[in-house]
Amino acid sequence: MSFQFTDNVSSAAQRDILDLQKKINVFSSGEMTDEHFRKFRLARGVYGQRQPGVQMIRIKLPHGRLTADQLTRIADLSDKYATGNLHATTRQDIQLHFVKLADTPQLWAELEDAGITLREACGNTVRNVTGSAKAGVDPDELFDITPYAYRIFDYFLRNPICQEMGRKFKIAVSSSDKDSAYTYMHDVGLIPRIQDGKRGFKVVIGGGLGAQPYSAETAFEFLEEDKIIPFTEGVIRVFDRYGERNRRHKARMKFLLQDIGLEEFLRRVEEERLALKNKEFAIDTEGFEASLPDGSGDAPTVSADLSEDENYNAWLRTNVFEQKQKGWYAVQLRVLLGDMHANTARALAQIVKNYAADDIRVTVNQGYQLRFVRPENLPALYESLNALGLADPGFDTTADITTCPGTDTCNLAISSSYGITRALEVMMKQEFPDLIYNNDIKIKISGCMNGCGQHSVANIGYQGSSLKSGAYVLPALQVLLGGGFNGKGEGLIADKVIKVPTKRGPESLRVLLNDYDTNAFEGEYYSDYYARQGKNYFYTLLKPLADLKTLTQDDFIDWDHTEQFVTEIGVGECAGVMIDLVATTLTEAEEKINWAWEAQADSRWADAIYHAYNVVITSAKAALMTKEVPTNTQHGIVSDFDKNFLNEPGFHTEEGAFKTLVFSINKNEPSESFAQQFTELANAFLIQVKAYRQQQIALVGLPDLQELSMAKDS
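Not measured: the values here are computed from a predicted model.

Help me understand the overall build of the protein chain, please; the structure alone is not making it clear to me.
Across its full length, the protein chain carries 20 helices and 24 strands. Radius of gyration (C-alpha) of the protein chain: 26 Å, near the 27 Å computed for a compact globule of 714 residues. If one aligns the C-alpha atoms of the protein chain with their principal axes, the spans along those axes are about 85 × 65 × 55 Å. Every one of the 714 residues in the protein chain was classed for burial, and the buried ones make up 58%. For the protein chain, restricting intrachain contacts to residue pairs at least 6 apart in sequence, the fraction spanning at least 24 positions comes to 70%. Counting only carbon and sulfur atoms, one obtains 49% of the accessible surface of the protein chain, whose full area is about 28400 Å². Of the side chains in the protein chain, 76 bear a positive and 98 a negative charge, and the two mean positions are spaced by 4 Å.

Explanation requested: the side chain of Thr130 in the structure shown.
Here Thr130 is to be found in strand β6 (residues 130–131). According to the relative accessible area criterion, Thr130 is buried, its value standing at 1%. Beyond its immediate sequence surroundings of up to four residues, Thr130 is in contact with His63, Arg91, Gln92, Ile171, Ala172, Val173 and His186.

For this particular structure, what's the right way to read the sheet that holds strand β13 (residues 339–341)?
Strand-to-strand pairing in sheets goes through backbone hydrogen bonds, with the strands running parallel or antiparallel. Across the sheet, which stays open at both edges, the five strands sit in the order β1-β2-β5-β4-β13 with antiparallel pairing between neighbours. Two strands in the sheet have a free side with no partner beyond their single neighbour: β1 (46–48) and β13. Within the sheet, the average angular offset between the axes of one strand and its neighbour, ignoring direction, is 35°. Pairing of strand β2 (residues 54–59) with strand β5 (residues 94–100) involves five bridges; the strand directions are antiparallel. When the bridges of β5 are listed, Ile59 appears paired with Ile94. Contacts from helix α10 (residues 342–355) reach β4 (85–88) and β13 within the one sheet, and its direction differs from that of β13 by about 85°.

Which parts of the structure should I look at to understand the nonpolar core?
One broad trend across soluble globular proteins is that nonpolar side chains are buried collectively. Judged by nonpolar contacts, the single largest core of 74 residues is most densely connected at Ile152, Phe169, Ile205, Phe265 and Phe641. Ranked by residues supplied to this core, first place goes to helix α17 (residues 605–626) with twelve residues. Look past the residues within four positions of Ile205 in its chain and what remains in contact with it is His186, Asp187, Val188, Ala216, Glu217, Ala219, Phe231, Met253, Leu257, Leu262, Phe265 and Leu266.

Can you walk me through the packing of helix α1 (residues 11–28) against helix α4 (residues 104–112) in this structure?
When two helices pack together, their arrangement is captured by the angle between the axes and the distance separating the axes. The N-to-C vectors of α1 and α4 enclose an angle of 170°; their axes lie 9 Å apart at closest approach. The angle between α1 and α4 falls in the class roughly antiparallel. Contacts from Ala13, Asp16, Ile17, Leu20, Gln21 and Ile24 of α1 reach α4 at Thr104, Pro105, Trp108, Ala109 and Glu112.

Just checking my understanding: could you explain the pattern of salt bridges for this structure?
For the coordinates displayed, the defined rule picks out 47 salt bridges. As a salt-bridge pair, Glu271 and Arg267 come within 2.9 Å of each other at their nearest N and O atoms. Placement of both Glu271 and Arg267 in helix α8 (residues 262–271) is noted, with a separation of four residues, approximately one turn of the helix. Residues joined in a network through salt bridges with shared partners are Asp16, Arg119, Glu120 and Arg158.

When you look at the environment of Asp140 in this model, what are you seeing that I'm missing?
Looking at the element boundaries, Asp140 is found in the loop between β6 and α5 (146–156). Those residues in contact with Asp140, other than ones at most four positions away along the chain, are Ser176 and Lys178. A polar side-chain atom of Asp140 sits 2.8 Å from a polar atom in the side chain of Lys178.

What should I look at first to understand the environment of Gly447 in this one?
Assignment of secondary structure puts Gly447 in the loop between β17 (443–446) and β18 (460–469). Residues Gly447 and Arg361, 86 residues apart in the sequence, show an inter-C-alpha distance of 25 Å. In this view, Gly447 contacts Cys404, Gly406, Ala413, Ile414, Ser415, Ser417 and Gly464; residues no more than four positions away in its chain are not counted.

Could you clarify how one ought to interpret helix α3 (residues 68–81) in this entry?
Helical periodicity: at 3.6 residues per turn, an α-helix aligns residues three or four positions apart in one direction. The end-to-end C-alpha separation of α3 is 20 Å, in line with the 20 Å expected for 14 residues at 1.5 Å each. Considered for burial, the residues of α3 that qualify are Ala68, Gln70, Leu71, Ile74, Ala75, Leu77, Ser78 and Tyr81.

So, how was this worked out
- Residues numbered from 1 in each chain as written.
- Predicted model: local features only at pLDDT ≥ 70, side-chain atom pairs only at ≥ 80, totals over all residues.
- Heavy atoms only, no water.
- Helix = DSSP H or I, 4+ residues; strand = E, 2+ residues; numbered from the N terminus.
- Rg over C-alpha atoms; globule rule 2.2 N^0.38 Å.
- Buried < 20%, exposed > 50% of the residue type's maximum accessible area, 1.4 Å probe, protein only.
- Contact = heavy atoms within 4.5 Å.
- Areas by Shrake-Rupley, 256 points an atom, 1.4 Å probe, with all protein chains shown as cover.
- Lys, Arg positive; Asp, Glu negative; His and termini not counted.
- Charge placed at Lys NZ, Arg CZ, Asp CG, Glu CD.
- Pairing = 2+ DSSP bridges.
- Axes fitted to C-alpha atoms, helices over the stretch in contact; angles between N-to-C directions.
- Core = buried A, V, L, I, M, F, W, Y, C linked by side-chain atoms within 4.5 Å.
- Parallel < 35°, antiparallel > 145°, perpendicular 65-115°, else oblique.
- Salt bridge = Lys/Arg side-chain N within 4 Å of Asp/Glu carboxyl O.
- Polar contact = N/O pair within 3.5 Å; in protein donor to acceptor, adjacent residues only side chain to side chain.
- Expected span 1.5 Å × (residues − 1).

If you want it as structure tokens, here you go:
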């Protein structure tokens, strides 16, 4: 396929898209394993779905920010290549589902024409940088964190230090101490501070969700703004070098921090400082001011007096707030399941042009925010949104549940997230209508332990699971309580309390809400109430719902399904192939040495050095594979090579020499001379390993040809 790129598509993006097309062709011809292709495509935002043969495309929106025209472009492409649905995520991305693999390069090209990327939206990379949706208009903020989130996003995009880490890496920036971006559950979290008249941030590191969630630890109470990006780069370099790579469930940065401790971790970050591309990095805050509405749009007038309209007044109370810019208002849109039809999205884009600034924010609870609306336009805006089904009151309240797609599309999900979310929202609307005014209890749902719905930081969380009853399995919900924020504003991790059949989910929530209404103190936050009563109290409260002796046939059928439940793993994407894993690994090293030479030609000395470092690591890994030595961390690969190839012809003859050579990268400034020296060293090492491999083949053939079976996407 040939592409006609517009002038809006950068040369870097063009190269990425052409490379994706090339890799798709190689993979389709059977010359690349599923494992290697998966690693490549995930870093390009292409994620295999539960359904075989189709992909989820994750669109990476820094800070969840997009224009009306960009929203229209995404809607048009969803119609063209996907299902006509836009799914907003908890990481302020938008996802398209059921896309053919062959269509992904062209889809990407058309997104890039609108200034939107897929690069590093998935995979073991720095994921989307998230932030408080209110940033820039938040009455509580010290300063607008929008430019900081953007500059961090831009700095690490395509950065060689974070292309192939052991696991993903997440960064969040909150606009105030209220921590609406949930920084405490991120690898790096930033909260604004001003000290002695200077801007900076409180920095927390090592948070994360999943099966073993951790709260982040405080690295600095105050770090100057120009130190934020260099420090984050140092953190990523340490994680890249020492982080787990084989045991996926232990490969997040939180586990490295737990293993070595905060003091040692920060010491290693400081060790990297000399090698950093920038010791200081000033954040340019210009260019992020909202383009105010000019009133030139054909805005409809209000059809009736809304002052007595109950829904309108509830909407004003729960979905609208006055900005820090007095006389202007922000409007928040509650979106069920985070799903919006393409037609609705196009209509919303026009509404933005009529009434608001051209600055839409996807929120961390899967909604949208409009800003700079004039008060006199609120009634007309409400009517326009209401006609689209986007004026439901209760934004980010108890009644507004956050959820992942679950078994609808995800390979890893165990039970339906969408179905139980609908059931809970219907139950609350009918039985607890005033919950649209409760901002203290957040309910979050995930289809599995990975926690894309962020259930571990909910006041009331549900995790998709299963239970065995005799020879049968039924869908279940793990109930988690006490997470989220307490009355002191502290972020907490929820406790796993009990597991109940999923069809009893509404009753479990009914019991919890009634108990809270009856027994909580006046004004007591839910997480404080949970802490006061204790886990055993809630276990006893919900235990009758976990009784499997009272099961009915309906308990064996998941929400949104009619057939009996079975636990399934998503289907893999290709048949097994025969592959020389060492040769494949050396091919990766050859690609990386080309990147190093290109960076050097562009005078990007730090990039050239890190690419060259990765050449050495990848080549050493290939060499160790020939001796069937298991590899894990990059630091471990270097140490193992140093031991196993001591006095091998063509390699080092003194123990420790190889390690000293490789880790000279953080003992030198990233200068032109060192970049040249280290890249030449890496190239020579790659040639040595390739020669060694050829000698081995000549002597013993190819002992490590092996069949790679279908593997589950992740």
